[in-house]
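# Chains, contacts and geometry: an overview
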Amino acid sequence: MNKDVILIVGSNGQLGTVLTEKLRLNYGAVNVIASDLYKKIGSEDNFITLDATDFKAVEEVVLKNKITQIYHLAAILSAKGEQNPLGTWDLNMKTLFNVLEVSRLHKVKKVFFPSSIAVFGENIDKENTLQSSNLTPTTVYGMSKVAGENWANYYFKKYGLDVRSLRYPGVIGYQSLPGGGTTDYAVDIFHKAVKNESFECFLDASTMLPMMYMDDVIRATLELMEADKEKLTIRTSYNIAGMSFNPEQIALSIKEYYPDFKIAYKPDFRQVIANSWPKCIDDTAARNDWNWKPEYNLNLMTKTMIENLK
Ligand code: SER
């Protein structure tokens, strides 16, 4: 039987936390190995401590466990990355190279590598930003994702390694917290609201950004990974869209549940990053190639977030 054994690199993160659980439901807990730099209390089962900057360590885990699929989620995000540009480049690229190269050498069947809306920057049309837009990012994180997309495409074309990728928008879920991104406000705001606290937003009221509710993000990821290989026309990374809103709009939707909720705006350096990103994304290729369709809009997301965090 052709059994898949999956390795998740960066399983403690915002996405890794939820994706690990979902993959274990689908593939069986014994077949999904979580890994990160440290063990999180409560997630000790089938967990390996792994520093993905260490080639030998990645190789050993893959060989020992006969890994057939890797989800490589470890990265330093847009805002945090600006505090240490060269260190961010090193970490984001080194971990990706290790995953790609170990996968090539040891015939891993499929690799998932997340890209981001941070690949977009100067000289783009910010409304319905096209798949084929110019990629001139303004952050080191964005630069590492553009380079990563090209390396993914290179490994596919040159070695036939089946790398698949999505340009994630801001991800919003109740199960985990993001760390160091420009879209983090849209998660933090809910944690304040359910505690009846006011919220100070680091972006201004009208900053429209592409976002996606966690269930849609996980479903998009699994749908792409399960899609028929022949149907995939994009081997850099797919644009995907969920919803778009600005801080004022999310605050209004929260006020439906917490009428006294207060938001104040105090833009910082993250405003400049957000200003360079699209307002909304054109995801025609994802819709055509593997039938992508989001289910959550702002109101449904707000309802779900509040119900679960309360
Ligand atoms: N959510 C990410 C960030 O803000 C975008 O990929 O950095």
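For the structure, see preceding data.
Below, the structure is looked at part by part. Along every chain, residues carry numbers that run from 1 in the direction the sequence is written. Under the rules for a predicted model, residues below a pLDDT of 70 receive no local features and side-chain atom pairs below 80 are neither given nor counted, while totals for whole chains, interfaces and linings still include all residues. Think of the side-chain values as coming from all heavy atoms in the structure, minus any hydrogens and water.

### Brief notes about the site of the ligand
Any residue with a heavy atom lying within 4 Å of a molecule or strand is counted as near it. Neighbouring the ligand are Leu 77, Ser 78, Ser 116, Tyr 141, Gly 181, Thr 182, Thr 183 and Trp 277. Counted as a polar contact is a pair of N or O atoms within 3.5 Å, where, for protein atoms, one must be capable of donating a hydrogen and the other of accepting one, and residues adjacent in sequence contribute only when both atoms are in side chains. Backbone polar atom of Thr 182 to an oxygen atom of the ligand: 2.6 Å apart, as the coordinates give it. Contact distances for the ligand include 2.8 Å between a nitrogen atom and a side-chain N or O atom of Thr 183. Contact with the protein chains hides 93% of the accessible area of the ligand, taken as 230 Å² for the molecule alone. Computed with a 1.4 Å probe, the accessible areas rest on the Shrake-Rupley method; for each residue, only the protein chains presented here act as cover.

### Focus on the packing of aromatic side chains
Each aromatic pair joins two rings of Phe, Tyr and Trp (for Trp, the six-membered one) with centres within 6.5 Å, and gets the label stacked for planes under 30 degrees apart, edge-to-face for over 60, and tilted for any other angle. If you walk through the whole model with that rule in mind, you get twelve aromatic pairs. Measuring from centroid to centroid gives 4.9 Å for Phe 97 and Trp 151, while their planes differ by 85°, and the two rings are edge-to-face. Here Phe 97, found in helix α4 (residues 85–105), pairs with Trp 151, found in helix α5 (residues 140–159); they are 54 residues apart in sequence, far enough to count as distant. Between the aromatic rings of Phe 112 and Tyr 168, the centroid separation amounts to 6.0 Å while the plane-to-plane angle is 50°, which identifies the pairing as tilted. Here the residue Phe 112 occupies a position in strand β5 (residues 110–112), and Tyr 168 occupies one in strand β8 (residues 166–168), the gap between them amounting to 56 residues. Secondary structure elements are defined from DSSP: runs of H or I of at least 4 residues count as helices, runs of E of at least 2 residues count as strands, and each element is numbered from the N terminus.

### So, the packing of helix α6 (residues 185–194) against helix α11 (residues 298–309)
Axis separation between α6 and α11 bottoms out at 10 Å; the angle between their running directions is 50°. Our classification of the angle between α6 and α11 gives oblique. Where α6 crosses over α11, the two elements pack in a sense that is right-handed. Residue-level contacts link Phe 190, His 191 and Val 194 of α6 to Met 301, Thr 302, Met 305, Ile 306 and Leu 309 of α11. In the scheme used here, Gly and all other residues not listed as nonpolar or charged are polar, with Ala, Val, Leu, Ile, Met, Phe, Trp, Tyr, Cys and Pro taken as nonpolar and Asp, Glu, Lys and Arg as charged. Broken down by class, the residue content of the contact of α6 with α11 amounts to six nonpolar, two polar and no charged. Axis definition: a line fitted to C-alpha atoms, limited for helices to the stretch in contact. Angles are taken between N-to-C directions and run from 0 to 180 degrees. Every angle not falling under 35 degrees, over 145, or within 65 to 115 is termed oblique; those three ranges are roughly parallel, roughly antiparallel and roughly perpendicular. Two helices cross in a left-handed way if the nearer one is turned anticlockwise from the farther one by less than a right angle. They cross in a right-handed way if the turn is clockwise. When checking whether two residues touch, look at their non-hydrogen atoms; a contact exists if any pair is within 4.5 Å.

### Some details on unusual backbone geometry
Leaving glycine out, the prevailing phi sign among residues is negative, and the prevailing peptide bond configuration is trans. Phi is positive for Lys 66, close to 50°, though the residue is something other than glycine. Classification of residues uses two cut-offs on accessible area relative to the type maximum, computed with a 1.4 Å probe and protein chains only: under 20% is buried, over 50% is exposed, and between them is partly exposed. Taking the relative accessible area as the measure of exposure, Lys 66 reaches 63% and is therefore exposed. Look at Asn 196: it is not a glycine, yet its phi comes out positive at around 60°. By secondary structure assignment, the location of Asn 196 is in the loop between α6 and β10 (199–201). You can call Asn 196 exposed: its relative accessible area is 63%.

### Looking at the nonpolar core
In this structure, Ile 172, Tyr 185, Phe 190, Phe 245, Ile 250, Phe 261 and Met 301 are the most contacted members of the largest nonpolar core, which totals 40 residues. Here this core gets six residues from one element, more than from any other, and that element is α6. The contact partners of Phe 261, leaving out residues within four places of it in the chain, are Ile 189, Ala 193, Glu 197, Phe 199, Ala 251, Ile 254 and Lys 255. Residues Leu 73, Met 225, Ala 227 and Tyr 238 belong to the second largest nonpolar core, which totals 30 residues. Only buried residues count toward a nonpolar core. Its members are Ala, Val, Leu, Ile, Met, Phe, Trp, Tyr and Cys residues joined through side-chain atoms within 4.5 Å.

### Notes on the pattern of salt bridges
Each salt bridge in this description consists of a side-chain nitrogen of Lys or Arg and a carboxyl oxygen of Asp or Glu lying within 4 Å of one another. Counted according to the given criterion, the structure contains twelve salt bridges. Three or more residues are tied together by salt bridges with common partners; here these are Asp 162, Arg 164 and Arg 235.

### A few points about helix α8 (residues 247–255)
Turning to α8, its buried residues number three or more, namely Pro 247, Ile 250, Ala 251, Ser 253 and Ile 254. Looking down the long axis of α8, one finds its buried residues gathered within 160° of arc, a one-sided arrangement. In this fold, the buried residues of α8 make contact with α6, β10, β13 (243–245), β14 (263–265) and α11. Between the side-chain oxygen at the start of α8 and the backbone nitrogen of Glu 248 there is a gap of 3.1 Å, and the oxygen is on Asn 246. The arc in question is the one spanned by the directions pointing from the helix axis to the C-beta atoms.

### Structural notes on the side chain of Asn 246
Looking at the element boundaries, Asn 246 is found in the loop between β13 and α8. Here Glu 248 takes part through its backbone nitrogen, which lies 3.1 Å from a polar atom of the side chain of Asn 246. A distance of 2.8 Å separates the side chain of Asn 246 from the backbone nitrogen of Gln 249, its partner in a polar contact. For Asn 246, the contacting residues outside a window of four places in its chain are Tyr 185, Ala 205, Ser 206, Thr 207 and Met 208.

### Concerning the pairing of strand β2 (residues 32–36)
Across a regular strand the side chains alternate sides, sitting on one face of the sheet and then on the other. Summarising burial for β2: five of the five residues are buried, a large majority. Side-chain alternation along β2 places Val 32, Ala 34 and Asp 36 on one buried face and Ile 33 and Ser 35 on a second face that is also buried. Relative to β2, strand β1 (residues 6–9) runs parallel, the two sharing four bridges. Within β2, the position partnered with Ile 6 by the bridge is Val 32. Running through helix α1 (residues 14–27), the crossover from β1 to the neighbouring parallel element β2 is right-handed. At least two bridges found by DSSP between two strands are what make those strands a pair. Look down the strands so they point away from you; if going from the first strand over the helix to the second traces a clockwise path, that crossover is right-handed.

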